[in-house]
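Structural characterization, general
Listed below are the residues making up each chain.
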Amino acid sequence: MKAGALAEALGLTLSGDSGADINALAPLDRAATGELSFVTDARHKAAMLGSRAGLLIVPESLAADCPVDHLVSPAPYVSYAKASWLLIPEDAAPPGIHPTAHIAPTAELGANVSIGAFVSVGEKARIGDESRIGDGCRIEVGVEVGAGSRLFANVVLGRRVVIGRECRLQPGVVIGGEGFGYAPSSQGWNAIHQTGGVMLGDRVHVGANTTIDAGAMDPTVVEDGVIIDNLIQLGHNVFIGENTAVASCTAIAGSTRIGKNCLIGGACSILGHITIADGVTITGTTFVSRSIEEKGTYGSGIPMQPSPEWRRTFAAITRLNELLRRVRRLEKAVANEGS
Amino acid sequence: MKAGALAEALGLTLSGDSGADINALAPLDRAATGELSFVTDARHKAAMLGSRAGLLIVPESLAADCPVDHLVSPAPYVSYAKASWLLIPEDAAPPGIHPTAHIAPTAELGANVSIGAFVSVGEKARIGDESRIGDGCRIEVGVEVGAGSRLFANVVLGRRVVIGRECRLQPGVVIGGEGFGYAPSSQGWNAIHQTGGVMLGDRVHVGANTTIDAGAMDPTVVEDGVIIDNLIQLGHNVFIGENTAVASCTAIAGSTRIGKNCLIGGACSILGHITIADGVTITGTTFVSRSIEEKGTYGSGIPMQPSPEWRRTFAAITRLNELLRRVRRLEKAVANEGS
Amino acid sequence: MKAGALAEALGLTLSGDSGADINALAPLDRAATGELSFVTDARHKAAMLGSRAGLLIVPESLAADCPVDHLVSPAPYVSYAKASWLLIPEDAAPPGIHPTAHIAPTAELGANVSIGAFVSVGEKARIGDESRIGDGCRIEVGVEVGAGSRLFANVVLGRRVVIGRECRLQPGVVIGGEGFGYAPSSQGWNAIHQTGGVMLGDRVHVGANTTIDAGAMDPTVVEDGVIIDNLIQLGHNVFIGENTAVASCTAIAGSTRIGKNCLIGGACSILGHITIADGVTITGTTFVSRSIEEKGTYGSGIPMQPSPEWRRTFAAITRLNELLRRVRRLEKAVANEGS
């Protein structure tokens, strides 16, 4: 791609040779002729000054000092994200319906849909225009997939699942498995039919092997623009507000409601039936055991120590109540002596 | 469904119009004409008094005060669980064997088995009567699936796996992957052939993308009535006693033995080669690091705090041993002064 | 198998009847006629003296006291691992390409490759000699699988994935899903095209439903001989050095670099962009929050306690800073009195 064409596609001003070929992405410290990189702010100024990149995306504040051809952007990282798809386009969808796919007669497929090998699409399912269904996906009866969405290989969408537009589901994702709802009795567990399904908004991304369970009576809901990493569990009737991000291996138990624009770290555990306000940040490995009503950052992770040290520390933890009592006794003794 | 027919099917007495149409489930506070809900105990009496549900399932103790048509049950939640399948029946199994399925010649299929699209069934595998195998499932050579079991889509059953009757395996479940057993040497890891397989009892439910590894010499065992949520790991030779429940994202390491009627919370980590007694409850995110011999509730979860507060708390934790020493010095000093 | 043939295959010296039939593996305390077991060291001497095994693998130091036929090995557990595959051979690969598999015309298949039912192999993919691809696997365009590797059922290999020789990928593994890289903006998250792919070395084992994401610009790398258990997440651009072992349910965030010969316990969480030295051991459930430069053992797991006790302990933890202040006051008071 020519630098000039890239500038135009990104809507940015180019300083430099519009005819230069730019055909790869590279980190700032390694980018060479023909490669694009970016600088977000003054912390990377020294690296920028030594850069030999074919083209850099830089903020206005650093443009005057940039030693190489560059694009000026109000948000260099965002411009770089967009450029990453222009320079290395997404692999083209195989056209049409693979001959091995099994499409039920009453399923409705939109225009320019791509359906991979060994895909099952159930009765009355609807696949929107320009959507792309990877090999081995299972789309149950009545499921809806919005226009422009992409399911990678071996994704499963169960009954009563509705996926919005331009979603992206990585391989092995399971949406609409039965929620874990049981009534206990002396004879054992009695499953409650989970009939609420799942609703994903537009532009929702879901990572590999993540599971999102069907709601009990009402749907489990993931709003527009939410991004969810790999191996995450969303229990039945969870609600996640728009543009929230959830990092890998986090478990969110049933009926919990998470606000908009939250950042949930990796390997967190979030109790069921609680509410987390908009704009909350949860640091990695945190156990969220109660509702969070105020915006802010919350945590409970225990950073590692060398094991002998940690064993002593943990032994001390288990003696904390005894320590409290000893301090109380000391306080009394000192108070008595003082009097 | 008519209220009278529902009462009869549940074996409960109806107070009200046996001809009323009941066709949906709803939460107590929203249930309206034509909808069924339930009340478990007196804590929900106020909500019951304001209910406009078409039909309620109530305990004997609240029946006299119930303002709407109702069924009286000794266990309203269990009756509701049963009703949930009567009012909204499970989707019907596609009849017979899908033409795209690959069934080995020596596999034995019971009566009224439903086999989905693109399913593989290996030589000498046996699928019991009325069982239902979802699209894309892989059933290895010699595997047995008991009568009335349902595998949702893309489930994998490896060699030497035996599944009981009326089990329910959600999409993406893997049972019988090779256990993680290796002998270390200076040239690297030497895998030990895991030949023990897996045995699931009757009425075992397994959640989406959960993995249950094959045992080394003896099978990994999950007894009757156990319910297991999503993204759970059972290592090789784990044993889980009947009617135990395990919530999502819990990891149980190899050769650990868990008793009957336990409740294991979500995101727990349970060490290998330990034993947990019958009737134990483990709260969410707990690290079970040693055997538990007595019935009771156990935990080690660290509830979250605002991060600045948590950072101070954690800093204090790492200074605990120093604090212990200071308290000891104080105790000596005070003792000396007192003498 | 005759004991003599087994001795020869393992390169060990047999004391006993070379014509004895050995056809099963068993634990030391149960092994009987016809069964093989092993003893690693003197801790198991008493059990060895009571053994009725058909054949034992023992160290030199215990050979003289061994009451039954035995093989003497410098590393009995390693010899046993090898014997486990000799006595119970791996199931034979179905020969050739299953008629239902979909192999792109430009894919290259090596000699004696076994391709299962409903497999997809994309254009220009290359499958090495003697490799074995289980039913329902998805091998994307351009992917390479080295000679002698085995993919169990429903494994997905995305674009730009290269797998070495003699690897073993359990069912449901996803390698090459898109890394979780996004540039935030006021309009939401902007995905960065993840074009780096994944490189697995030789003899890498990956457990069921584990996910290894594609790198952003450079590949995610897993070196030779690494063993990875089930339900593990490796973020984009993670690097794992040779012969490291990772136990189940551990999450390793993006761009973290782990050395050779490390032992990473189960359910650990490892922060992104850090470095862990060679030979480090991390105990289960540890949160690795910073780089580790020295070989050694590290941990932060909180072992469970009975819940009432743990609640008191945790309450004391949250009052630690108050306790510190009280001790400081006491120290002043005692110092003043002493002066």
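Just so you know, the residues in each chain are numbered from 1, in the order the chain's sequence is written. Here the convention is simple: chains get letters from A, ligands get numbers from 1, in the order in which they are written. Note on the predicted model: pLDDT of at least 70 is required for a residue's local features to be given, and 80 or more for side-chain atom pairs to be given and counted; whole-chain, interface and lining totals, by contrast, use all residues.

1. Remarks on the overall build of chain A
Put simply, DSSP H or I for four residues or longer makes a helix, DSSP E for two residues or longer makes a strand, and each gets a number counted from the N terminus. Assigned secondary structure in chain A consists of six helices and 37 strands. The size measure is the radius of gyration over C-alpha atoms, and the globule rule it meets is 2.2 Å times the number of residues to the 0.38 power. On C-alpha atoms alone, chain A measures out to a radius of gyration of 26 Å, which is more than a quarter above the 20 Å that the 2.2 N^0.38 rule sets for 339 residues. Overall size of chain A, expressed as C-alpha extent along the three principal axes, is 90 × 65 × 35 Å. Once C-beta atoms are placed from the backbone, each residue is buried if 20 or more other C-beta atoms lie within 10 Å of its own, exposed if 12 or fewer, and partly exposed for counts between those two. When each of the 339 residues of chain A is scored for burial, the buried share is 56%. The contacts in chain A between residues at least 6 apart in sequence include a share of 20% that link residues at least 24 apart. Throughout, a residue-residue contact means that the two C-beta atoms, derived from backbone geometry, are no farther apart than 7 Å.

2. Topic: the confidence of the model for chain A
Known as pLDDT, the predictor's confidence for each residue is given on a scale from 0 to 100. Mean pLDDT over chain A stands at 97; residues scoring 70 or higher make up 99%. Complex prediction metrics read pTM 0.97 and ipTM 0.96.

3. Topic: the environment of Asn230 of chain C
Along the chain, Asn230 of chain C turns up in the loop between β25 (227-228) and β26 (233-234). On a C-alpha basis, the gap between Asn230 of chain C and Ile302 of chain C in space is 23 Å, while along the polypeptide they are 72 residues apart.

4. Focus on the interface of chain B and chain A
With 63 residues of chain B at the contact, the number on the chain A side is 59 residues. Going through the elements one at a time, α4 (76-87), β37 (305-306), α5 (307-318) and α6 (320-338) of chain B are the ones with two or more residues in the side of chain B that touches chain A. With nine residues, the single largest contributor to the side of chain B that touches chain A is α6 of chain B. Each residue is assigned to one of three groups, with Ala, Val, Leu, Ile, Met, Phe, Trp, Tyr, Cys and Pro labelled nonpolar, Asp, Glu, Lys and Arg labelled charged, and all others, Gly among them, labelled polar. Considered class by class, the residues forming the side of chain B that touches chain A number 34 nonpolar, 22 polar and seven charged.

5. Considerations on the domain arrangement of chain A
A common way to report how large an interface is uses the accessible area buried once the components associate. Boundaries between domains were set according to an automatic or database domain assignment. On domain assignment, one finds that chain A holds domain 1 (3-87), domain 2 (155-298) and domain 3 (307-338). Distance from the C-alpha centre of domain 2 of chain A to the C-alpha centre of domain 3 of chain A: 42 Å.

6. With respect to the interface of chain C and chain A
Of the residues lining the interface, 59 residues belong to chain C; the matching set on chain A comes to 63 residues. Counting residues per element, the ones that place at least two in the side of chain C that touches chain A are β18 (174-177), β19 (182-185), β20 (188-191), β23 (211-213), β35 (287-288), β36 (296-299), α5 (307-318) and α6 (320-338) of chain C. The element contributing the most residues to the side of chain C that touches chain A is α6 of chain C, with seven residues. Considering only residue class, the side of chain C that touches chain A consists of 26 nonpolar, 25 polar and eight charged. Following DSSP output, two strands are said to pair if at least two bridges run between them. For strand β37 (residues 305-306) of chain A and β36 of chain C, the ladder comprises two bridges, and the chain directions are antiparallel. Bridging from a neighbouring strand, Pro306 of chain A pairs with Tyr298 of chain C of β36 of chain C.

7. Thoughts on the relation of the copies chain C and chain A
Superposition of the copies used a least-squares fit over C-alpha atoms from residues whose pLDDT is at least 70 in both. At an RMSD of 0.0 Å, chain C and chain A line up after a rotation of 120 degrees and a shift of 0.0 Å along the axis. The relationship between the two copies is best expressed as a three-fold rotation axis.

8. Let's talk about unusual backbone geometry
Phi is positive for Glu166 of chain B, which is not a glycine, with a value near 55 degrees. Within the element layout of this structure, Glu166 of chain B appears in the loop between β16 (161-163) and β17 (168-169). Unusually for a residue other than glycine, Thr285 of chain C sits at a positive phi of about 70 degrees. Residue position: Thr285 of chain C is located in the loop between β34 (280-282) and β35. Accessibility expressed as a C-beta count within 10 Å gives 30 for Thr285 of chain C, which makes it buried.

9. Examining the sheet that holds strand β21 (residues 198-200) of chain C
Residue and element names in this part refer to chain C. With parallel pairing, the nine strands of this open sheet are ordered in space as β7-β10-β13-β16-β21-β24-β27-β30-β33. Of all the strands in the sheet, the pair left with one neighbour each is β7 (108-109) and β33 (275-276). Of the strand pairs in this sheet, strand β24 (residues 220-222) and strand β27 (residues 239-240) are connected by two bridges, and their pairing is parallel. Residue pairing across strands places Val221 opposite Phe239, the latter belonging to β27.

10. Some remarks on the relation of the copies chain B and chain A
Structural alignment of chain B on chain A gives an RMSD of 0.1 Å, achieved by rotating through 120 degrees and translating 0.0 Å along the axis. Here only 19% of the contact residues of chain B are again contact residues in chain A; the copies associate through non-equivalent surfaces.

11. Considerations on the nonpolar core
Linking buried Ala, Val, Leu, Ile, Met, Phe, Trp, Tyr and Cys residues through C-beta atoms within 7 Å yields a set, and such a set is a nonpolar core. Judged by nonpolar contacts, the single largest core of 231 residues is most densely connected at Val288 of chain A, Val288 of chain B together with Val288 of chain C. Setting aside residues up to four positions removed in sequence, Val288 of chain A forms contacts with Cys268, Ile270, Leu271, Ile276 and Ile282 of chain A together with Met304 of chain B.

12. Regarding the packing of helix α1 (residues 3-10) of chain B against α4 of chain B
Residue and element names in this part refer to chain B. Running from N to C, α1 and α4 point in directions that differ by 125 degrees, and their axes come no closer than 10 Å. What the angle tells us is that α1 and α4 run oblique. Handedness of the crossing formed by α1 with α4: right-handed. Contact residues: Leu6, Ala9 and Leu10 in α1; Ser79, Lys82, Ala83 and Leu86 in α4. Axis lines are fitted to C-alpha atoms, over the contacting stretch for helices. Their N-to-C directions set the angle, which ranges from 0 to 180 degrees. Orientation labels follow simple angle bins: below 35 degrees gives roughly parallel, above 145 gives roughly antiparallel, 65 to 115 gives roughly perpendicular, and whatever is left gives oblique. Helix crossings are classified by the rotation of the near helix relative to the far one: an anticlockwise turn of less than a right angle makes the crossing left-handed, while a clockwise turn makes it right-handed.

13. Description of the pairing of strand β36 (residues 296-299) of chain B
Bridge analysis of strand β34 (residues 280-282) of chain B against β36 of chain B gives three bridges, and the strand direction is parallel. Paired with Thr281 of chain B across the two strands is Thr297 of chain B, which belongs to β36 of chain B.

14. A few points about the sheet that holds strand β27 (residues 239-240) of chain A
Residues and elements named next belong to chain A. Strand order in the open sheet formed by nine strands is β7-β10-β13-β16-β21-β24-β27-β30-β33, with parallel pairing between adjacent strands. With one partner strand each, in any of the chains shown, β7 (108-109) and β33 (275-276) form the two edges of the open sheet. One ladder, built from two bridges, connects strand β13 (residues 144-145) with strand β16 (residues 161-163); its direction is parallel. The residue of β16 that forms the bridge with Glu144 is Val162.

15. Looking at the pairing of strand β19 (residues 182-185) of chain B
Residues and elements named next belong to chain B. Here β19 pairs with strand β20 (residues 188-191) via four bridges, running antiparallel. Looking across to β20, one finds that Ala183 is bridged to Asn190. Once β19 ends, the chain turns through two residues before running back antiparallel as β20.

16. Some remarks on the environment of Lys82 of chain B
Mapped onto the elements of the fold, Lys82 of chain B is located in helix α4. Its 22 C-beta neighbours within 10 Å are what place Lys82 of chain B among the buried residues. Along the chain, Lys82 of chain B and Ala9 of chain B lie 73 residues apart, while their C-alpha atoms are 9.2 Å from each other. Once residues lying within four places of it in the same chain are set aside, the contact partners of Lys82 of chain B are Asn190 of chain A together with Leu10 of chain B.

17. Remarks on helix α4 (residues 76-87) of chain A
Residue and element names in this part refer to chain A. Every helix has an expected span of 1.5 Å times one less than the residues it contains. For α4, built from twelve residues, the straight-helix expectation of 16 Å at 1.5 Å per residue is met to within 8% by its first-to-last C-alpha distance of 16 Å. Of all twelve residues making up α4, nine are buried, and the element is well covered by its neighbours. Among all positions in α4, only Pro76, Val78, Ser79, Tyr80, Ala81, Lys82, Ala83, Ser84 and Leu87 are buried.

18. Overview of the environment of Asn261 of chain B
All names here are of chain B. In this fold, Asn261 is placed in the loop between β30 (257-258) and β31 (263-264). Judged by C-beta crowding, with 17 C-beta atoms within 10 Å, Asn261 ranks as partly exposed. Sequence-wise, Asn261 and Thr250 are eleven residues apart; in three dimensions their C-alpha atoms are separated by 17 Å. Leave out the neighbours within four places in its chain, and Asn261 touches Asn243, Thr244, Asp278 and Gly279.

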